[in-house]
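Take a look at the letters that make up each chain.
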Amino acid sequence: MKSGWIIFALIWAQELQAQSGLTALNAGYLGAGTYSRSRADVFCLGNNQAALAGLERACAAVYFERRFTLAELSHYRLYAACPVGSTKFGLSGTYYGSSLYHESSIGLAYARSLGEKVEVGAQFNYQSTSQQGYGNQASAGVELGAIFHAAKCNIGLQASNPVAGLLKGSSGPRLPATFRFGMGYDVSELLLLSMELVKKEKETIDCLASLEFQLAPSVYWRAGVSSASSLIWMSAGFLFRQYRLDVVASHHPQLGFSPGVAILFAGFKKKSS
Amino acid sequence: MLIACIILPAGIVNAQDLPPATEEQVENLSQQGNEEGIEDLNISSLTHYIEHRLNLNEAGETELASLQILTPQQIRQFLEYRRLLGSLVSIYELQAVPGWPVTLIRELLPYVQVSSVVPVTKDILARFRGGDHSFSARISATVERSRGYLENKYQGSNAKFLTRYRYQFKRLLQFGVSLEKDAGERLFNKRKPTGFDFISFHLFLRQLGRIACMALGDFTVSMGQGLIQWQGLSFKKGTDIVAVKRQAPVLAPYAGAGEFEFFRGIGLTVQHRAIEITGFLSLRNLDANIIRDSIGRALYFTSYQTSGNHRTSSEREDRHALRQMVGGGSLTFKSGRWKAGVNGIYIKNALDMQQDTKPYNLYTMTGDRWLNASIHYEWTVRSMHLFGEAAVDKLMRRAIIQGVLVSMDSRADLAILYRRLDAGYRSLFGNAFTVNSEPGNEEGLYLGINVRPATAWKLSLYADHYRFPWLKFGVDAPSRGRDYLVQVNYTPDRQTELYSRFRMSISQSSSSTAGVMKQLMTEKRVTWRIHFSKQLTRSFQYRNRVEASWFSREGADGQTGFLILADLVYKPLLKPFQLTGRLQYFETDGYDSRIYAYENDVLSSFSVPGFAGRGGRYYLLINYDLGRRISTWIRWGQIIYYQNQTLGSGYDEIRGNKKSEWKFQVRYLLKGEGRKLR
């Protein structure tokens, strides 16, 4: 594991899911870093909470994207994680939309390692939707995840609302169940290949594939594709001490570009090698 | 120490798991609608070897081939090694056998052992003492009552009951009785004074001087490459190219629960030096759909009923309605690296067979008798093993299979198989390497390759192009198809296995629109599976699978399917119990995009349900050993469909959206060295 700069701000997951804006188009891109021993960071809260167990110091991150360059489709994320003994706690907040219509959620996550080979995690979310003139709807959900490590290969499984929740305040639709299966292969210290299959209830299977390559000690490059939403995305990450800045952009063949930026702070405690 | 580390029993395969390639084949059988046959198609021979491990110092070519794990070249290499260097001293010596990689040895370990050779006693009666006695009973039932029970169409209870007794003295003597009642059948009535709907008995002896083996009662016969007769373990296309060649002893005891694929009578194999002669005679009553005249006399029959179910009045009318006599034999000559033989089978029914005059039935078997004959050969040349069979039927229609297995390199094996079966070729008990479930009306070329580029990696590929020269049920014109498979296995250590399987199948079927002329539509089915298995600790094993399917047909909307499951196996050391649990979610657009998933079940039972629609599935299997001789299994499983109001159809229709099943089995080992299964 590297000393200092193990946190990669560029963990993107291309999840173009029309049903909810809480799934960022560019960010949540932990599809790559999540399934890696050395590259997992606080953004894994968006993919598989179990990866949080690999963090060794407190960290925080913010992410912003403007979907298809439209202000009304802005997406914001705030993540924080803190190790407490052998367990890790995480906090996530997400906001999407504008004053006319917006969705928001807040989540509390917990993760721990069960030996060298297994990490498990859980997250509890509270999600609300608000539309001007129509009021609010809210619901609670749970996510469960596990990651298994074997040599250079890392496999993960995560289920969100596996038995589905109910929106409170109205007889609205249930929160859909979502299942993720991900794999990451640490080819070397410089290269990571990963893939994730995402299946949301009643929606098309999404296959997300990505790679991460370290161009220089302080510069990272990532790229990936999403099958369901026909997206191609790229990002560049720059490291400076405990900070990391990522610039990301994706392209949809009909809807155009979606830029995003992420800033991540890795914490003051120096990780022992 | 290094050898010990490599050879120590792999954590991935425990006694109730099948090898991944075999698990795939069991799923393929289920997809072909052969659920009933899964239990009786001698897959239980593998569980038999778990309980009575094959002694590698005694095993011959036939026994090694029956494991369905070794290629003919690997068998020859082992036998040559044993001939030159003598009996093996320990299981670790297998690493010294040329051409046997560590991965192969790990796959074999659950089924083999190394022990001293016990002289064959000339006193046959002595074999009836000192062997293993095994008694097992199994009961299972679906909790929800289907329409057949609610409307009193099924006269019996919804419990399925199977009990078996078996005595085994090494591989020299085996006899046993099986009693079975299917769900919906009555346990006792006028026609069944013995109570059970199906009763099977077998007595099987080996090595009686010149008599290599003798079968009395129920037995199976397998000859050549299955063009005229095959009732042994038989697989179709899969990731393991070994499945291309049919390998099984000619005669084998039958102790299954299926009620069709076996013979009842006497069989004998005599061996004198290089010549082996087998003869058999069977006489039994089969289920068949009999057509009668106005005063009840039987005129002819239209089909065999192979399900074995006798629940309704019409099913009971068909029970044992047709008397059948079968006789046949095989003459084989072996010399060094080649073998050749002739085979024949004659079938005589008490009634003529007549089927509907549909175009696809043009070449169906008719009359009250049938005959098939064939010649077969095998020949090993350097690193190639050639094999084949040529057959004819009563009407002189022909069939031929020609294949070759090549060890191109220590890390690569190749299989090529060509088959050509006339449109009208028919055999009643044939089961060859064909797309059709019965041999006939097919021509095709198969190419398969297994490559091990590095220790932890294995690549399996096959391509199969075929055509059907005549019509088939649901296909109103000659048609074509092709199948492809790519699988990558990654096994970085003994505790971890990961594979990704991609399969594509393109075939043709008739459109469902009404009318005289039905066009052929191309169908395409694609599946992608990723399977992960890891031994987390010495007690816990975790398995995870994701599978997606895509189905398309010309002129119709496509369908997609998805399945994800997670298994946890808890098997603590030095404890007498094991727990296996599964959670699963599935979602498919319809029946055509259904997905099958193999499930752990009680000993000698195999469960491969297909999933269509949207819902969840879970099951829990507990195995508990009550002392050294008694083992119990209990299983509870449930499928919950999210949107259905009813499940199934016809008399099997269930009201509601759930289907629950429980199963209980107990096995008692009376004496002997029978090893408890965990």
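Computed from a predicted structure; not experimentally measured.

### Digging into the overall build of chain A
- If you tally the helices and strands in chain A, you get one helix and 14 strands.
- Out of the 273 residues in chain A, the part that is buried amounts to 54%.

### A word on the overall build of chain B
- Each helix and strand counted, chain B has nine helices and 33 strands in total.
- Taken over C-alpha atoms, the radius of gyration comes to 25 Å for chain B, in line with the 26 Å a tight globule of 678 residues would show.
- The principal-axis extent of the C-alpha atoms belonging to chain B is close to 70 × 55 × 50 Å.
- The burial tally for chain B puts 55% of its 678 residues in the buried class.
- Considering only contacts within chain B whose residues lie at least 6 apart along the sequence, 62% involve residues at least 24 apart.
- Put simply, chain B has 87 plus and 65 minus side-chain charges, and the middle of one group is 4 Å from the middle of the other.

### Some points on the pattern of salt bridges
Residue and element names in this part refer to chain B.
- If you walk through the whole model with that rule in mind, you get 40 salt bridges over all chains.
- Its salt-bridge partner being Asp 368, residue Lys 348 comes within 3.3 Å of it at the nearest N-O pair. Of this pair, Lys 348 sits in strand β14 (residues 338-353) while Asp 368 sits in strand β15 (residues 367-381), and the two are 20 residues apart along the sequence.
- According to the relative accessible area criterion, Lys 348 is partly exposed, its value standing at 24%.
- We classify Asp 368 as buried; its relative accessible area is 17%.
- The shortest N-O distance in the salt bridge between Glu 599 and Arg 617 comes to 2.7 Å. One end of the pair, Glu 599, is in the loop between β27 (595-596) and β28 (610-611); the other, Arg 617, is in strand β29 (residues 614-626), and 18 residues separate them in sequence. Like Arg 617, Glu 599 is buried.
- By sharing partners, the salt bridges in this structure join Glu 599, Asp 601, Arg 617, Arg 635, Glu 661 and Lys 663 into a single network.

### Quick look at the interface of chain B and chain A
- Between chain B and chain A, the residue contacts involve 24 residues of the former and 25 residues of the latter.
- Counting the contacts that link chain B with chain A gives two salt bridges.
- Note that Glu 587 of chain B is salt-bridged to Lys 199 of chain A, the shortest N-O span being 2.9 Å.
- Across the contact surface, chain B and chain A share three residue pairs in polar contact (both at pLDDT 80 or more).
- Of the residues forming the side of chain B that touches chain A, the biggest block, five residues, is contributed by strand β23 (residues 520-535) of chain B.

### Observations regarding the side chain of Arg 39 of chain A
Residue and element names in this part refer to chain A.
- Topologically, Arg 39 is positioned in the loop between α1 (30-33) and β1 (59-66).
- For Arg 39, a relative accessible area of 2% gives the class buried.
- Looking at Arg 39, its side chain comes within polar contact range of the side chain of Asp 186, at 2.8 Å.
- Side-chain polar atoms of Arg 39 contact the side chain of Glu 212, separated by 2.8 Å.

### Let's talk about helix α6 (residues 72-85) of chain B
- Taking 1.5 Å as the rise per residue, α6 of chain B with 14 residues should run 20 Å; its terminal C-alpha atoms sit 20 Å apart, in good agreement.
- Just downstream of α6 of chain B, Gly 86 of chain B is the residue with a positive phi angle, here 85°.

### So, the packing of aromatic side chains
- Scanning all chains against the criterion turns up 38 aromatic pairs over all chains.
- For the pair Phe 43 of chain A and Tyr 79 of chain A, a centre-to-centre distance of 5.4 Å together with 90° between the ring planes defines the contact as edge-to-face. Here Phe 43 of chain A, found in the loop between α1 and β1, pairs with Tyr 79 of chain A, found in strand β2 (residues 74-84); they are 36 residues apart in sequence, far enough to count as distant. Tyr 79 of chain A matches Phe 43 of chain A in its accessibility class, with the two residues each being buried.
- A ring pair is formed by Phe 586 of chain B and Phe 611 of chain B, whose centres lie 5.0 Å apart and whose planes are at 40°; its orientation type is tilted. Residue Phe 586 of chain B is found in strand β26 (residues 577-588), and its partner Phe 611 of chain B is found in strand β28; the two are separated by 25 residues along the sequence. Grouping residues by exposure puts Phe 586 of chain B and Phe 611 of chain B together as buried.
- An aromatic cluster is present here, built from Phe 219, Phe 260, Phe 263, Phe 280, Phe 301, Tyr 304 and Phe 429 of chain B joined pairwise through their rings.
- Its guanidinium or amino end placed over the ring of Phe 260 of chain B, Arg 284 of chain B lies 5.9 Å from that ring's centre, counting from NZ or CZ.

### A closer look at the pairing of strand β21 (residues 479-493) of chain B
Residue and element names in this part refer to chain B.
- Two strands pair when backbone bridges link them, and strand β20 (residues 457-468) and β21 are joined in this way by twelve bridges, in the antiparallel orientation. Bridge pairing in β21 places Leu 459 opposite Val 488.
- Relative to strand β22 (residues 496-510), β21 runs antiparallel, the two sharing ten bridges. Its bridge partner lying in β22, Leu 485 is registered against Arg 503.
- Linking β21 to β22, which pair antiparallel, is a turn of two residues.

### Here we look at the environment of Glu 151 of chain B
- Along the chain, Glu 151 of chain B falls in the loop between α8 (147-150) and β4 (159-169).
- In sequence terms Glu 151 of chain B and Leu 203 of chain B are 52 residues apart; their C-alpha atoms lie 42 Å from each other.

### Description of the nonpolar core
- Val 221, Leu 227, Phe 263, Phe 280, Phe 301, Tyr 304 and Tyr 446 of chain B are the most contacted members of the largest nonpolar core, which totals 44 residues.
- Ignoring sequence-local partners within four residues, the contact set of Tyr 446 of chain B consists of Lys 237, Gly 238, Ile 241, Val 244, Ala 415, Ile 416, Leu 417, Arg 419, Phe 433, Tyr 462, Ala 463 and Asp 464 of chain B.
- In this structure, Ala 146, Leu 157 and Met 183 of chain A together with Ile 530 of chain B belong to the second largest nonpolar core, which totals 28 residues.

### A look at the environment of Tyr 425 of chain B
All names here are of chain B.
- Structurally, Tyr 425 is set in the loop between β18 (412-421) and β19 (442-454).
- Beyond its immediate sequence surroundings of up to four residues, Tyr 425 is in contact with Leu 227, Ile 228, Asn 372, Ala 391, Val 392, Asp 393, Arg 397, Arg 398, Ala 399, Pro 439 and Gly 440.
- A polar contact of 2.8 Å, which involves the side chain of Tyr 425, links it to the backbone oxygen of Leu 227.

### Some remarks on the pairing of strand β24 (residues 540-553) of chain B
Residue and element names in this part refer to chain B.
- Most of β24 is tucked away: ten of the 14 residues are buried.
- Relative to β24, β23 runs antiparallel, the two sharing 13 bridges. Bridge assignment links Thr 527 to a residue of β24, and that residue is Ser 549.
- Hairpin connection from β23 to β24: four residues lie between these consecutive antiparallel strands.
- Pairing geometry for β24 and strand β25 (residues 559-570), over twelve bridges, is antiparallel. Its bridge partner being in β25, Trp 550 is matched across the sheet by Thr 560.
- Hairpin connection of β24 to β25: five residues between the antiparallel strands, including Gly 555 at a positive phi of 80°.

### Considerations on helix α2 (residues 20-31) of chain B
Residues and elements named next belong to chain B.
- For α2, with twelve residues, the first-to-last C-alpha span of 17 Å sits near the 16 Å given by 1.5 Å per residue.
- Within α2, ten of the twelve residues are buried, leaving the element largely enclosed by the surrounding structure.
- Those residues of α2 lying buried are Ala 21, Thr 22, Glu 23, Glu 24, Gln 25, Val 26, Glu 27, Asn 28, Leu 29 and Ser 30.

### Some remarks on the confidence of the model for chain B
All names here are of chain B.
- Confidence in the prediction for chain B averages 87 pLDDT; 91% of positions are at 70 or higher.
- Below a pLDDT of 50 lies the segment residues 1-15, which in the model reaches 39 contacts outside its immediate sequence neighbourhood of four places, other chains included.
- When the criterion is pLDDT under 50, residues 674-678 qualifies, and its contacts beyond four places in sequence or with other chains add up to 30 contacts.
- At the level of chain-chain contacts, confidence expressed as ipTM amounts to 0.80, with global pTM at 0.86.

### Here's the deal with a nonpolar patch on the surface
Residues and elements named next belong to chain B.
- A grouping of Leu 268, Val 270, Ile 275, Ile 277, Leu 331, Phe 333, Trp 338, Val 342, Ile 375 and Trp 379 is seen on the molecular surface, where their side chains present a nonpolar patch of about 850 Å² in accessible area.
- At the level of elements, β9 (263-272), β10 (275-286), β13 (322-335), β14 and β15 are the ones that each hand at least two residues to the nonpolar patch.
- Positionally, Ile 275 belongs in strand β10.

Conventions used here
- Residues numbered from 1 in each chain as written.
- Chains lettered and ligands numbered in written order.
- Predicted model: local features only at pLDDT ≥ 70, side-chain atom pairs only at ≥ 80, totals over all residues.
- Heavy atoms only, no water.
- Helix = DSSP H or I, 4+ residues; strand = E, 2+ residues; numbered from the N terminus.
- Buried < 20%, exposed > 50% of the residue type's maximum accessible area, 1.4 Å probe, protein only.
- Rg over C-alpha atoms; globule rule 2.2 N^0.38 Å.
- Contact = heavy atoms within 4.5 Å.
- Lys, Arg positive; Asp, Glu negative; His and termini not counted.
- Charge placed at Lys NZ, Arg CZ, Asp CG, Glu CD.
- Salt bridge = Lys/Arg side-chain N within 4 Å of Asp/Glu carboxyl O.
- Polar contact = N/O pair within 3.5 Å; in protein donor to acceptor, adjacent residues only side chain to side chain.
- Expected span 1.5 Å × (residues − 1).
- Phe/Tyr/Trp six-rings, centres within 6.5 Å; stacked < 30°, edge-to-face > 60°.
- Lys NZ or Arg CZ within 6 Å of the ring centre and 35° of its normal.
- Pairing = 2+ DSSP bridges.
- Core = buried A, V, L, I, M, F, W, Y, C linked by side-chain atoms within 4.5 Å.
- pLDDT = per-residue confidence, 0-100.
- Patch = residues over 30% accessible without salt bridge, like charges linked within 9 Å, V, L, I, M, F, W, Y side chains within 5 Å.
- Areas by Shrake-Rupley, 256 points an atom, 1.4 Å probe, with all protein chains shown as cover.

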